[in-house]
Amino acid sequence: MLHVESWARTASLRHLERDAAGAFSLYLGGRFAAASDGGTRELLDPATGETIARVAEATRADVERAIALARTAFDEGPWPDTPALERARLLHVLANAIDANAADLAALETLGCGKPLREAEYDVADAANCFRYYAGLATKPHGQTYEVPAPSQSFTVREPIGVCGQIVPWNYPLLMSVWKLAPALAAGNVCILKPSEYTPLSALWLAKMVAEAGFPDGVLSVLPGAGPVAGAALAESMDVDKIAFTGSVPTGQTIMRAAACNVKKISLELGGKSPNIVFADADFETAIDYALFGIYANAGQVCSAGSRLVVERSIADAFVAELVRRAERIVTGDGFDPATEMGPLVSRRQRERVEEYIAIGRTEGATLACGGGRPPGELGERGNYILPTIFTNTTPQMRIVREEIFGPVLAVQLFEGEAEAVRIANDSPYGLAGAVFTSDAAKAHRVIRKLRAGITWINAYHPTYNEAPWGGYKQSGIGRELGTYGYDAYTEVKQINVNLAVEPSGWFKG
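Residues numbered from 1 in each chain as written. Predicted model: local features only at pLDDT ≥ 70, side-chain atom pairs only at ≥ 80, totals over all residues. Heavy atoms only, no water.

Caption draft 1: Highlighting the overall build of the protein. In terms of regular secondary structure, the protein is built from 17 helices and 22 strands. Computed over its C-alpha atoms, the radius of gyration of the protein comes to 24 Å, within 12% of the 24 Å expected for a compact globule of 510 residues. Projected onto the principal axes, the alpha-carbon positions of the protein cover approximately 85 × 60 × 40 Å. Every one of the 510 residues in the protein was classed for burial, and the buried ones make up 57%. Considering only contacts in the protein between residues 6 or more positions apart, those separated by 24 or more positions represent 74%. Element-wise, carbon and sulfur atoms account for 53% of the exposed surface of the protein, whose accessible area totals about 20700 Å². The distance from the centre of the 48 positive side-chain charges to the centre of the 59 negative ones in the protein is 4 Å. (Helix = DSSP H or I, 4+ residues; strand = E, 2+ residues; numbered from the N terminus. Rg over C-alpha atoms; globule rule 2.2 N^0.38 Å. Buried < 20%, exposed > 50% of the residue type's maximum accessible area, 1.4 Å probe, protein only. Contact = heavy atoms within 4.5 Å. Areas by Shrake-Rupley, 256 points an atom, 1.4 Å probe, with all protein chains shown as cover. Lys, Arg positive; Asp, Glu negative; His and termini not counted. Charge placed at Lys NZ, Arg CZ, Asp CG, Glu CD.)

Caption draft 2: Main features of the packing of helix H6 (residues 173-186) against helix H7 (residues 201-213). At a closest axis distance of 8 Å, the pairing of H6 and H7 adopts a crossing angle of 50°. In terms of orientation, H6 lies oblique with respect to H7. Crossing of H6 over H7 shows right-handed handedness. Counted together, Pro173, Leu174, Ser177, Val178 and Leu181 of H6 and Ser202, Ala203 and Leu206 of H7 form the full contact between these two elements. Here the residues of the contact of H6 with H7 are counted per class, giving 6 nonpolar, 2 polar and no charged. (Axes fitted to C-alpha atoms, helices over the stretch in contact; angles between N-to-C directions. Parallel < 35°, antiparallel > 145°, perpendicular 65-115°, else oblique. Left-handed = near helix turned anticlockwise from the far one by under 90°. Nonpolar A, V, L, I, M, F, W, Y, C, P; charged D, E, K, R; others polar.)

Caption draft 3: The arrangement of the pattern of salt bridges in detail. Applying the stated criterion to the full structure yields 27 salt bridges. The partner of Arg326 in a salt bridge is Glu322, and the shortest N-O contact between them spans 4.0 Å. You can see Arg326 and its partner Glu322 sitting in helix H11 (residues 313-327), 4 residues apart, about one turn around the helix. A relative accessible area of 21% means that Arg326 is categorised as partly exposed. Since its relative accessible area comes to 18%, Glu322 is described here as buried. (Salt bridge = Lys/Arg side-chain N within 4 Å of Asp/Glu carboxyl O.)

Caption draft 4: Structural context of unusual backbone geometry. Residue Pro151 is bonded to the preceding Ala150 through a cis peptide linkage, with omega at 10°. Mapped onto the elements, Pro151 comes out in the loop between strand S5 (144-146) and strand S6 (152-160). Its identity as a non-glycine residue notwithstanding, Leu482 has a phi of 70°, on the positive side. By the element assignment, Leu482 lies in the loop between strand S21 (477-478) and helix H17 (483-488).

Caption draft 5: Quick look at the nonpolar core. In terms of nonpolar packing, the biggest core is built from 149 residues, with Tyr134 and Phe215 touching the most fellow members. Those residues in contact with Tyr134 that lie beyond four places of it in its chain are Leu91, Ala182, Pro183, Ala186, Leu482, Gly483, Gly486 and Tyr487. Listed in part, the 13 residues of the second largest apolar core include Phe279, Val422, Ile424 and Val447. (Core = buried A, V, L, I, M, F, W, Y, C linked by side-chain atoms within 4.5 Å.)

Caption draft 6: Seen up close, the packing of aromatic side chains. In the structure shown here, the tally under the stated rule is 9 aromatic pairs. Plain terms: the ring middles of Tyr27 and Phe32 are 4.9 Å apart, the flat faces sit at 55° to each other, and that makes the pair tilted. Taking NZ or CZ as reference, Lys242 lies 4.8 Å from the ring centre of Tyr490, over its face. (Phe/Tyr/Trp six-rings, centres within 6.5 Å; stacked < 30°, edge-to-face > 60°. Lys NZ or Arg CZ within 6 Å of the ring centre and 35° of its normal.)

Caption draft 7: Local environment of the sheet that holds strand S22 (residues 491-499). Across the sheet, which stays open at both edges, the 3 strands sit in the order S5-S6-S22 with antiparallel pairing between neighbours. The open sheet terminates on both sides in strands that have one partner only, identified here as S5 and S22. Along the sheet, successive strands turn relative to each other by an average axial angle of 20°, direction set aside. (Pairing = 2+ DSSP bridges.)

Caption draft 8: Structural detail: helix H9 (residues 249-259). Along H9, the residues that are buried comprise Val249, Gly252, Ile255, Ala258 and Ala259. In this fold, the buried residues of H9 make contact with strand S7 (163-167), helix H8 (227-236), strand S10 (242-246), strand S11 (265-269) and strand S17 (430-431).

Caption draft 9: The pairing of strand S18 (residues 433-437), seen in detail. With 5 of its 5 residues buried, S18 lies for the most part within the structure. The alternating pattern of S18 places Ala433, Ala435 and Phe437 on one face and Gly434 and Val436 on the opposite face, and all of these are buried. Direction of pairing for strand S12 (residues 275-278) relative to S18: parallel, over a ladder of 3 bridges. The residue bridging Asn276 from the neighbouring strand is Ala435, located in S18. Bridge count for S18 against strand S19 (residues 455-458) is 4 bridges, and the pairing is parallel. What sits directly across from Val436, in S19, is Ile458.

And the structure:
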């Protein structure tokens, strides 16, 4: 495997702002600054275990300062009243800046979370396109008028919610930030973004682009920090009007409880244990291809991953045998190596968590068909790697079947007949995503309509679009991101009634 020298791996870091001690700075409402207590966090390369940077660690005081700046920017500043056309122009500036720095941004994503560079390049391009989509949407109609009895006129307008706290995960650091920032800024909100403490670097570069684009001070703060400190301060604040969070169900539940302090708006995109249903009449090669892509893209660190393969019993032996053969040939390695097909997990803790689930699967009695460990040699010793793993002979109550592992671990379930396929697919506390593979179009649509999931595919897995809503049923979350739904989630709806005959009503006679 190719070993990329440290200087080459970290070349993209030269663009980021550092404090006097050499740590990368917070972005507080228009200015880069050290943490209030001088604290920093060490970032490790998931492919090598080496230290790549130190980043300022936001304190509760830093968050409170950012909230105060955001409150002033929204209540007294120009941004909410900035014409939609100007907001759109600035979003286009950000999109163009992402394009201009795409190579370095992709390298930064690979450096931070370990994914293959080809995946990171796609994420960066998608982030630029997301800004462009919401730039276009900002200037489109966003209200309704109603036919009501004369002499009244009634209509609605959409207005920005206010100060929005946005907490994003480490698996898609730049893209998840943009999914939240683009609609919020397009609608006229101000934002405080808390990137994951593991992967804050691309969000800090995005803050630099915002500053250079000419956004007013206070419109954006970017505060790397620990969830129980920085994230909790956002969720608990009486001065934050909305929280948007992507992450685990337990953290989402904590945010819901904290958000009750001022009944703030919430958007939650939580976990998944998504079924990928393969019928016997599916195109065999296509179904194999997408089964692999569904679980092993980004090393399985995808909330919508097809982590349950629900395959018809009559083809199960042949299908699983070919799946295992192909999984064992996936090239695992450094994301900077062009030959790499699957990179490391984001952190040592995440690798240990996945290894714990693999041990649980064995203890529960599932059959380990392939993988289950680290690659041999230096690769497995230094980096956070887990080989592509498949469990067969599972039962519905096994933890590896019911719980989100967030790693390259696939659980195989068997069914006979359409009704059982649907029952198995829906037997989950989650409802984020799901897919159906079959050559029978009518059956495909029947099954898709019965799946309790928000994002679905027929004869494909994973492709999604900025134009379409993203979110799930059940414990997979509340609300939707992307598309017009994502824009609406950052607005309040105001009813306006106009009396066109200005004269007393005469209701009271006195």
